[in-house]
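# Topology and contacts: notes
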Amino acid sequence: MRLSRYFLPVLKETPAEAQIVSHRLMLRAGMIRQQAAGIYSWLPLGWRALRRIEQIVHEEQQRAGHIPMLMPTLQPADLWRESGRYDDYGQEMLRIRDRHQRDLLYGPTNEEMITDIFRAHVESYRQLPLTLYHIQWKFRDEVRPRFGVMRGREFLMKDGYTFDVDRAAALHAYNRHMVSYLRTYERMGLTAIPMRAASGPIGGDDTHEFLVLAQTGESEVFYDDRVTALKLGARQIDYDDRAGVAAVCAEFTALYARTDETHDPAVFEAQVPEAHRKVGRGIEVGQIFYFGTKYSEPMGAVVVNDRGERVPVHMGSHGIGVSRLVGAIIEASHDDRGIVWPEGVAPFPVGIVNLRQGDGATDAACAELYAALTERGLEPLYDDRDERAGAKFATMDLIGLPWRITVGPRGLAAGKVELTSRRTGESEEMGPAAAVDRLADLFCAAGQAQGRDG
RNA sequence: CGGGGCGUGGCGCAGCCUGGUAGCGCGGCAGUUUUGGGUACUGCAGGCCGGAGGUUCGAAUCCUCUCGCCCCGACCA
């Protein structure tokens, strides 16, 4: 993409309403625009980042055998009257009435609807296990939206629903989600720690939240700092292997890690050596629940088991805050000049800075680089504006693309361009072709290490 | 929902107390200049001061109502 033809309304000054760094940077980098309290437009750059995240979520869910679909944002109230939540949910639910005076609501979550779909089409345990998920906009009429997309009223969430014949199978589905989530967050460059959580209004017996450590997190967290060293890395996971998946979960949940909701100081002190005890703050970026027959019983979602008995199906629901992740990643990865995108989620993998726009040789070198990178599947953002070098560098730093290729007459005279890492700030001079090769290797290697293959 | 604050060109703000028909910086446009980290200068365009009502000869400034937004707290992906 040529920047001169793109829509990237960057701001030099920080809008007054933005209090936390991710919100400020998203506004300054022209990623979002607020339309009402907790409601945002996603401008082109923000939309690209959001889509990168969404794509990783899709890939990892499908790798785990979960099936994508799409349910509507608007739901009939009657479904929620069946489960009893139409009254329980309270003011957070946005209620709407259509022209025929029918009660609708903008879905805050989809347990009722997915249960309705399930009961209409599934009769036998032989059709299980089943995990359906979608990535859809939700609306929760928060009393006090804040922190930009981290705590919006309208937000994009991946929510998945598991259906199993019994508790043991359902717990495997739960574990499978935990592992797939760990992979998902790792690919985004995040360290998200699963923490045992309190169940809240969705209700459930087993539940973990995934917390990204950040100063600005809304939850206070207590943990053994050795959990942050745990990585899935490139290891292969067989999602059908119950014992294997359970072992991974055990590994990642063995060390003490809890939010203030479930924190027990006595256990904390007994289990964690003092040198490893950490208290910090975290951003919740996902949650998994096993809730048994809470919805299947009142809504009549039953299957016939292998003994011919009609039994309510065991369910779980599992969410990832997709739009929130954009903010969480920025909270976890930025510096005083701007965003520092991890390779996996960068809206563009690399930026090209032309230091002498209008200079024939420099323009030509940039055009060649652009074509070569595009050829390798690495779409660059080419800053071809008629701006000074300083302005171009400042823009690149602000929007945080992980790599920058700087092209100017001085280097070109020696046949060199400059490849710079946004994260480390280190630059290396090399020929244009070598720079393209280097980037292709970097992104290929990153993809493999994070399990992007397959 | 309780407490606090703010709405003035695209953004950040001043003016309001002590009413007299709007100002600064950034940004935008045109040009000159500059050219490896937000260059300097000149000129131009752009707001009727969130909205409604009231007081007054006169309201961005005072009063009333209303809408919106932000912050702290209690609650949530």
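Refer to the structure printed above.
A few points on the structure. Just so we're clear, the structure is a prediction, and the values are computed from it rather than from any experiment. Here the residue index of a chain counts from 1 through its sequence in written order. Chain letters start at A and ligand numbers start at 1, both assigned in the order the entries are written. At least 70 in pLDDT is required for a residue's local features to be given in this predicted model, at least 80 for side-chain atom pairs to be given and counted, and no such filter applies to totals for whole chains, interfaces and linings, which use all residues. No hydrogens and no water enter the side-chain calculation; it runs on all heavy atoms of the structure.

## Notes on the protein's contact with RNA strand B
Near RNA strand B you find 44 residues, and of these A37, R144, G152, E284 and D397 are the closest. If even one non-hydrogen atom of a residue comes within 4 Å of a molecule or strand, that residue is called near it. Sugar and phosphate atoms constitute 47% of the interface atoms of RNA strand B, taking the interface as everything within 4 Å of the protein. Whenever two N or O atoms come within 3.5 Å, that pair is a polar contact, provided that in protein one can donate a hydrogen and the other can accept it, and provided that, for residues adjacent in sequence, both atoms are side-chain atoms. In this structure, a sugar or linking oxygen belonging to RNA strand B sits 3.3 Å away from a side-chain N or O atom of R140. What counts as a helix is a DSSP run of H or I of at least four residues, what counts as a strand is a run of E of at least two, and both are numbered from the N terminus. Breaking the surface near RNA strand B down by element, the ones donating at least two residues are β1 (32–36), β8 (154–164), β13 (277–292), α12 (389–399), β21 (403–407) and α13 (409–412). Broken down by element, the surface near RNA strand B gets its largest block of residues, seven residues, from α12. Polarity classes work like this: nonpolar for Ala, Val, Leu, Ile, Met, Phe, Trp, Tyr, Cys and Pro, charged for Asp, Glu, Lys and Arg, and polar for all others, with Gly in that last group. Considering only residue class, the surface near RNA strand B consists of 14 nonpolar, 12 polar and 18 charged.

## Brief notes about unusual backbone geometry
P129 follows L128 through a cis peptide bond whose omega is 0°. Following the sequence through the fold, P129 ends up in the loop between α5 (111–121) and β7 (130–139). Its identity as a non-glycine residue notwithstanding, Q101 has a phi of 65°, on the positive side. Despite not being glycine, F147 has its phi angle at roughly 60°, a positive value. Along the chain, F147 turns up in the loop between β7 and β8. Buried means the residue's accessible area, taken with a 1.4 Å probe over protein chains only, is under 20% of the maximum for its type, while exposed means over 50%, and partly exposed covers the values in between. For F147, a relative accessible area of 21% translates into the label partly exposed.

## Digging into the sheet that holds strand β6 (residues 103–106)
The three strands lie next to each other as β4-β6-β5, forming an open sheet whose pairing is antiparallel. The open sheet has two edge strands, β4 (74–76) and β5 (94–97), and neither has a second partner. Across the sheet, the mean angle from the axis of one strand to that of its neighbour is 35°, orientation sign disregarded. Pairing of β4 with β6 involves three bridges; the strand directions are antiparallel. Bridge pairing in β6 places Q75 opposite L105. Pairing between two strands requires that DSSP report at least two bridges joining them. Structural elements are reduced to axes, namely lines fitted to C-alpha atoms, with helices fitted over the stretch in contact, and the angle between N-to-C directions of any two is expressed from 0 to 180 degrees.

## Overview of the nonpolar core
To qualify as a nonpolar core, a set must consist of buried Ala, Val, Leu, Ile, Met, Phe, Trp, Tyr and Cys residues joined through side-chain atoms within 4.5 Å. Counting 68 residues, the largest nonpolar core has M31, Y185, M188, F210, V285, V326 and W341 as its most contacted members. Tallying contributions element by element places helix α6 (residues 167–187) first for this core, with seven residues. Two domains each donate at least three residues to this core, and these are domain 1 (3–339) and domain 2 (348–449). Note on contacts: a residue pair qualifies if any of its non-hydrogen atoms lie within 4.5 Å across the two residues. Look past the residues within four positions of W341 in its chain and what remains in contact with it is M31, A49, V326, I329, I330, A346, P347, I399, G400, L401, P402 and R423. As used throughout, domain bounds are those supplied by an automatic or database domain assignment.

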